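In case you want the letters, here they are:
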Amino acid sequence: MRAKMSPAVSHHIEAVVRAGPRAGGSVVLGQVDSRLAPYIIDLQSMNQFRQDTGTLRPVRRNYYDPSSAPGKGVVWEWENDNGSWTPYDMEVGITIQHAYEKQHPWIDLTSVGFSYVIDFSTMGQINRQTQRQRRVRRRLDLVYPMVTGALPKAQSWPASPATATSPAAPPCSCPQCVLVMSVKAAVATGGSAGPLQPPAARKNVPPSGAVRLPPAPGPVAKPLDSTIRGPVKPVQSQVIRRQASTAPAGVTVGSPASPSGANGKTGRVALATLNRTNLQRLAIAQSRVLIASGVPTVPVKNLNGSSPVNPALAGITGILMSAAGLPVCLTRPPKLVLHPPPVSKSEIKSIPGVSNTSRKTTKKQAKKGKTPEEVLKKYLQKVRHPPDEDCTICMERLTAPSGYKGLQPTVKPDLVGKLSRCGHIYHIYCLVAMYNNGNKDGSLQCPTCKTIYGVKTGTQPPGKMEYHLIPHSLPGHPDCKTIRIIYSIPPGIQGPEHPNPGKSFSARGFPRHCYLPDSEKGRKVLKLLLVAWDRRLIFAIGTSSTTGESDTVIWNEVHHKTEFGSNLTGHGYPDANYLDNVLAELAAQGISEDSTTQEKD
């Protein structure tokens, strides 16, 4: 199985490729997508390394014709059971788009290995065996980068700034790049170990073309794919794919041995020729030198143990040392600290400026008495002469009737309306159908810009939210105490607003403890979280992205910090941008400082 990278990640990879040796020969994916923070791609060996687990996987670059679906940024998606949209695999999307452009009424996907028929007249997917139907849609995504050159070949990546042939790129402040640059600086200034020789010229480099990568699907245990558009000539496009691989502990990046330099020094031995013992000796020897010189270290789990160590040693050695003269230091990892030290009841205090210390929610029924047409009338202006462009809900022209084929609203399919605040235009028929498929709470969210009309509410199941002060400080916030939030939600039965009404749902990991600094901004975030809780927007029922379990309570797009004294999982402190980020996430749900006033009213 293969997974594909997003267009934004593809652009980032191609920018590093174009930068050449001055970029260091490696791509830090976390710079463009925070979900990919543990991953580094080594362009010389074409391998992706996961820093926290040591997993090493090959990547590849594939090419597609610029006239194909990936070449135009077209994405075909199907609606899953949770009401969200899932993109088709690249090859399937290309097949569907080709038939769509040929104006075929339908396309049978049996030829690409799927027992489905896509009906373009209804924009639906039909299972040939069960006859079950799902909605499909066609949308435009960020255009993938056009690549005119090949991946770096036999470049002698400079071992120090003095040997670089081009000016250095502006320094990046992310932890990965700080580590790499500090190590290079230590080597350049005469570390006692001396730099290793650069690797020999690489051969069999993939042909030139243009790369593009579809969206990365969550945590990266799966292989990654970066899709690439070819130049204008009619060649088959290719995609850079990371192939699923269960590489043994001794797997290496496979750089050939370097020839002896003119100064008589011996080039480094190919990593492929080293067994696990030699890899460990090599890594530990480099570590001793770096520890003595004060160079920052890369933590590796369980250095004296077994399971995570072998791939971690092979991966770190292969990826980071494949760049010339780049040593790596292995140390024990910092300890995960999920909870604060024990706190007595007398030490727990209420939060100044925030009433009470807990809040419960129950299932709130949608307001009765107003039809969807009456609700939407408040937010719409009729358009007598619609522009000749697509309605982004049904993908039909606004000058033609709506292409939506669901329940029949009591409005004509050719009526067109403009949302009053953002100005986006749709078939009124499509907006009514979209409202009927939602929470029906009297609010509407523009599907293009996400502007919210009315007060948005969610489908969070009943539960309790507690909040109070504890006398401990969070990392990065030494001058204030900590706000602790405790969410408790029991398992239960899904209601009519949930994915599977009448079916039971689970609630794993409760009570969930979360933490905020007791600063002015931290209290502001807490007050807005209380509004989100009252509006049932903190949690939802769906499929867990970490366990894959369906019909379970999951977070609902408002990130929380669940790690008290460390930040090993990315859900802890210090994190200088967290409070601003969560305020932006709450604003996307329609919750701002004005919301607290509305709640009081």
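Up top is the structure.
Residues numbered from 1 in each chain as written. Predicted model: local features only at pLDDT ≥ 70, side-chain atom pairs only at ≥ 80, totals over all residues. Heavy atoms only, no water.

Caption draft 1: Structural view of the side chain of Asp-441. With respect to the helices and strands, Asp-441 occurs in the loop between helix H8 (428–436) and strand S20 (444–445). Buried within the structure, Asp-441 lacks any salt-bridge partner; its nearest side chain of opposite charge belongs to Lys-456, at an N-O separation of 8.2 Å. Among the polar contacts made by the side chain of Asp-441, one reaches the side chain of Ser-443 at a distance of 2.7 Å. At a separation of 2.5 Å, a polar atom in the side chain of Asp-441 contacts the side chain of Thr-457. (Helix = DSSP H or I, 4+ residues; strand = E, 2+ residues; numbered from the N terminus. Buried < 20%, exposed > 50% of the residue type's maximum accessible area, 1.4 Å probe, protein only. Lys, Arg positive; Asp, Glu negative; His and termini not counted. Salt bridge = Lys/Arg side-chain N within 4 Å of Asp/Glu carboxyl O. Polar contact = N/O pair within 3.5 Å; in protein donor to acceptor, adjacent residues only side chain to side chain.)

Caption draft 2: Broad picture of the sheet that holds strand S1 (residues 26–28). Spatial ordering of the open sheet is given by S1-S2-S3-S4, a layout of four strands whose pairing is antiparallel. Here the strands that pair on one side only, and so sit at the sheet edges, are S1 and strand S4 (56–58). Here the average twist between neighbouring strands, direction ignored, is 20 degrees. Where S1 and strand S2 (residues 39–42) come together, three bridges link them in antiparallel fashion. Pairing of Val-27 across the sheet is with Ile-41, part of S2. Contacts from helix H1 (residues 7–19) reach S1 and S2 within the one sheet, and its direction differs from that of S1 by about 145 degrees. (Pairing = 2+ DSSP bridges. Axes fitted to C-alpha atoms, helices over the stretch in contact; angles between N-to-C directions. Contact = heavy atoms within 4.5 Å.)

Caption draft 3: Spotlight on the environment of Arg-137. By the element assignment, Arg-137 lies in strand S11 (residues 133–140). With a relative accessible area of 28%, Arg-137 lands in the partly exposed category. In sequence terms Arg-137 and Phe-120 are 17 residues apart; their C-alpha atoms lie 9.5 Å from each other. Only 2.7 Å separates the side chain of Arg-137 from the side chain of Glu-77, close enough to count as a polar contact.

Caption draft 4: Just unusual backbone geometry, in detail. The omega angle of the peptide bond from Phe-510 to Pro-511 is 0 degrees, so this bond is cis rather than trans. Going from Tyr-573 to Pro-574, the amide bond is cis rather than trans, its omega being 5 degrees. Take Pro-574: it is sitting in the loop between strand S28 (552–555) and helix H10 (578–588). At Gln-131, a position not held by glycine, the phi torsion is positive, near 65 degrees. When you line up the elements, Gln-131 lands in the loop between strand S10 (124–127) and S11.

The values are spatial; any link to function lies outside them.
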